Amino acid sequence: MQLTLEFGGGLELLCDSVKVHNVNVDMAKGAEKLIMKDLLGWVHTNLIKERPEMFMKGDTVRPGVLVLVNDCDWELSGQLDTTLEEKDVVVFISTLHGG
Amino acid sequence: MKQNKLYFIFSKLHISIKKKKNPKGWFLFNSQPNYIYVEDFQKRRAETIVLEKLKWKKARRRSRRRPGPACAVTAIREGPLSKDLKPYSRECFYEVFEEEIHQVIVENQLFKPGERVAIGASGGKDSTVLAYVLSELNRRHNYGLDLFLLSVDEGITGYRDDSLETVKRNEIQYGLPLKIVSYKDLYGWTMDEIVKMIGLKNNCTFCGVFRRQALDRGAALLKVDKVATGHNADDIAETVLLNILRGDIARLSRCTSIVTGEDGPIPRCKPFKYTYEKEIVMYAYFKRLDYFSTECIYSPNAYRGFAREFIKDLERIRPRAILDIIQSGEDFRISTFTKMPEQGTCERCGYISSQKWCKACVLLEGLNRGLPKLGIGRSRGPNNDRKKGTKETNGAKSIESKQCGTLDF
């Protein structure tokens, strides 16, 4: 499934300073649809090159990281259970820095 | 009864006028069911004002590939953003955000027409959004303010020099004159030199104390009447928790005020006191505002990090907890038996201080004499005779090393 992932707010430093990634994510065997939980696992394994504790905490993103799916806050569409479709844009923005 | 009906009809027609005259009265008269129930009165008012405005406008339907939940204000399905876990369309989100800030400014009487206001700008998300929103509101609601950008250069390579470039870009983008004050000019030390001397612990004490004075000095140079900083609700909740964890009663009683230092040289205000950090980031992201987003390289050792982790975990479970902590901080009443420090002036520099010398002078003296621990470490204030943690050598007896109580703002 083709997806576009964007990292902001300092998170791009964990992915070799690349802000936008156009990726092809394979669904888990036997799964009908791709949900955010699987995507997070995929990102953790494939994209985050250093300091994974800055991005994830346990099963979900670190508290303080905003996730927007198609410019819509993921908390409104079910958080970890949000289903993703072809050509979706997922943005991760960290809020944990000085202002 | 007839009079009430007539009044109700008139009240609907004269909503815009009534809102200016007597906002509270207006709200009571309009008990229509399509107003959204929100816990906080301010947020409620901001939303109803936006709702009324939009009723008189035509809302266009934008089709998206996948419509999200309906916007709480216009009930139109447009890929929305969330605020307080309620959905809003993008335009409504901007309007409600700006309207809330406007209400906070008006209700707390933060500014007067004709004032010169310096915005503490670090190039980060809060100060960039503050500069943008304040100049926007200044224009829209005619506050009549003269705005300036004031930036402090601590001399941290790899962090501050990059964010200063951002502030210089902001100067051009928003058309606000910029002034930069640096630690090197004011105190003769940069943060990098200080850290080399004292190590990686207690850096934030030096940086914070020096920065507050630097902001005041810069504001005095600009001859402004007020300083506005971008502290948001999350920051203030963290400060309340920090002060409880350290037992700092003097600061606890002051840290939730929206205007601080009124009896000092230049008062400071925090227009973002009730705004969540998340909203600020979303606003900056969607408006494509230019900001710098890297943590200070010395911050992983800061004590505030623990309070921040805790607050973020709380926010996940119940976002409202942040505003509730601020509310608790405002409602704290100090027991009459606790002795509070009294305010005087520093003997060396004339700055306000509750001890003989202000904290910045104590720290500076320590640095210049090669006594990095001078001024660091706990002693319980005038109440208690215990003095522990300070490594003083002879000659330092004349310097009060008690915890200075009045240097936060």
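Along each chain, residue indices are assigned from 1 in the same order as the chain's sequence is written. Key to labels: chains lettered from A, ligands numbered from 1, both in the order written. Where local features are concerned, this predicted model is filtered to residues with pLDDT of at least 70; where side-chain atom pairs are given and counted, the filter is 80 or more; whole-chain, interface and lining totals use all residues. Just so you know, side-chain values use all the structure's heavy atoms and leave hydrogens and water out.

Caption draft 1: Summary view of the sheet that holds strand β9 (residues 88-94) of chain A. Residues and elements named next belong to chain A. Strands were regarded as paired on the criterion that DSSP finds at least two bridges between them. By definition, any uninterrupted DSSP run of H or I lasting at least four residues is a helix, any uninterrupted run of E lasting at least two residues is a strand, and each is numbered from the N terminus. Sheet architecture is open: 5 strands sit in the order β2-β1-β9-β6-β7, paired in mixed fashion. Edge positions in the sheet fall to β2 (20-24) and β7 (72-73), since each has one partner strand and no second. When strand β1 (residues 2-8) meets β2, the two strands line up antiparallel, connected through 5 bridges. Bridge assignment links Gln2 to a residue of β2, and that residue is Asn24.

Caption draft 2: Layout of the interface of chain B and chain A. By the convention used here, residues are in contact when the closest approach between their heavy atoms is within 4.5 Å. Residue-level contacts link 32 residues of chain B with 30 residues of chain A. Taken together, the two surfaces of chain B and chain A that pack against each other cover about 2600 Å², and 50% of this comes from carbon and sulfur. Under this definition, polar contacts are N or O atom pairs within 3.5 Å; protein pairs additionally need one hydrogen-donor-capable and one acceptor-capable atom, and for neighbouring residues in sequence, both atoms have to be side-chain atoms. Counting the contacts that link chain B with chain A gives 8 residue pairs in polar contact (both at pLDDT 80 or more). Listed by contribution, the elements that provide at least two residues to the side of chain B that touches chain A are β1 (81-83), β2 (86-88), α6 (125-140), α13 (277-286) and α14 (304-317) of chain B. At 6 residues, the largest contribution of residues to the side of chain B that touches chain A is made by α13 of chain B. Each residue belonging to the side of chain B that touches chain A can be placed in one class, and the counts come to 11 nonpolar, 7 polar and 14 charged. Summed over both partners, the accessible surface that disappears when two parts come together, traced with a 1.4 Å probe, is what is meant by buried area. Gly counts as polar in this scheme, as do all residues outside two lists: the nonpolar Ala, Val, Leu, Ile, Met, Phe, Trp, Tyr, Cys and Pro, and the charged Asp, Glu, Lys and Arg.

Caption draft 3: Structural detail: helix α7 (residues 160-174) of chain B. Residue and element names in this part refer to chain B. Between the first and last residue of a helix there are one fewer steps than residues, each counted as 1.5 Å, and that sum is the expected span. With 15 residues, α7 should reach 21 Å at 1.5 Å per residue; the first-to-last C-alpha distance of 21 Å fits that figure. In this scheme, a residue with accessible area under 20% of its type's maximum is buried, one over 50% is exposed, and one in between is partly exposed, where area comes from a 1.4 Å probe on protein chains only. Arg160, Ser163, Leu164, Thr166, Val167, Asn170 and Tyr174 are the residues of α7 that are buried. Buried residues of α7, seen end-on, are gathered within an arc of 155° and therefore sit on one face of the element. Buried-residue contacts for α7 involve α6, β4 (146-153), β5 (178-182) and α10 (203-222). At the C-terminal side of α7, Gly175 shows a positive phi close to 65°. Throughout, the arc means the angular range of directions from the helix axis out to the C-beta atoms.

Caption draft 4: Representation of the pattern of salt bridges within the structure. Residues and elements named next belong to chain B. Counted as salt bridges are all cases of a side-chain nitrogen of Lys or Arg within 4 Å of a carboxyl oxygen of Asp or Glu. As enumerated under the stated definition, the model contains 30 salt bridges over all chains in all. For Glu98, the salt bridge goes to Arg140, with nearest N and O atoms at 2.6 Å. Linking Glu98 in helix α5 (residues 90-107) with Arg140 in helix α6, this pair joins segments that are 42 residues apart in sequence. By sharing partners, the salt bridges in this structure join Lys125, Asp126, Asp234, Glu277, Lys312 and Glu315 into a single network.

Caption draft 5: Region of the structure containing unusual backbone geometry. All names here are of chain A. Positive phi outside glycine occurs at Arg51, with the angle close to 45°. Mapped onto the elements of the fold, Arg51 is located in the loop between α1 (36-46) and β4 (56-57). Classification of Arg51 by relative accessible area gives partly exposed; the value is 40%. Although it is not a glycine, Gln79 adopts a positive phi angle of roughly 55°. Here Gln79 is to be found in the loop between β7 and β8 (83-84). Gln79 sits in the partly exposed class, given a relative accessible area of 27%.

Caption draft 6: Quick peek at the environment of Ala121 of chain B. Residue and element names in this part refer to chain B. With respect to the helices and strands, Ala121 occurs in the loop between β3 (116-120) and α6. Classification of Ala121 by relative accessible area gives buried; the value is 7%. For the pair Ala121 and Arg288, spaced 167 residues apart in sequence, the C-alpha separation works out to 18 Å. Residues contacting Ala121, with those up to four places away along its chain left out, are Ser127, Leu149, Leu150, Ser151 and Val167.

Caption draft 7: Here's a closer look at the pairing of strand β6 (residues 65-69) of chain A. Residues and elements named next belong to chain A. Of all 5 residues that make up β6, 5 are buried, and the element is covered over most of its length. Both faces of β6 are covered, namely the face carrying Val65, Val67 and Val69 and the face carrying Leu66 and Leu68. In this structure, β6 lies alongside β9, joined through 5 bridges in antiparallel fashion. Note that in β9 the partner of Val67 across the bridge is Phe92. Bridge count between β6 and β7: 2 bridges; the pairing is antiparallel. Looking across to β7, one finds that Val69 is bridged to Cys72. Two successive antiparallel strands, β6 and β7, enclose a turn made up of 2 residues, where Asn70 displays a positive phi of approximately 55°.

Caption draft 8: Quick peek at the environment of Val90 of chain A. Residue and element names in this part refer to chain A. Tracing the chain through its elements places Val90 in strand β9. Measuring from C-alpha to C-alpha, the distance between Val90 and Leu5 comes to 4.9 Å, with 85 residues separating the pair along the chain. Once you skip the residues sitting within four places of it in the chain, Val90 turns out to touch Thr4, Leu5, Glu6, Met36, Leu39, Val67, Leu68 and Leu84.

Caption draft 9: Expanded view of the nonpolar core. All names here are of chain B. Counting 63 residues, the largest nonpolar core has Phe111, Val129 and Tyr283 as the members making the most contacts within it. With 8 residues, the single largest contributor to this core is α5. Those residues within four positions of Phe111 in sequence are excluded, and the remaining contacts are Ile105, Val117, Leu134, Leu145, Lys226, Ala228 and Cys269. By convention a nonpolar core is built from buried Ala, Val, Leu, Ile, Met, Phe, Trp, Tyr and Cys residues, the set being connected through side-chain atoms within 4.5 Å. Counting residues in hydrophobic clusters, the runner-up holds 41 residues, among them Tyr159, Tyr187, Cys358 and Leu371.

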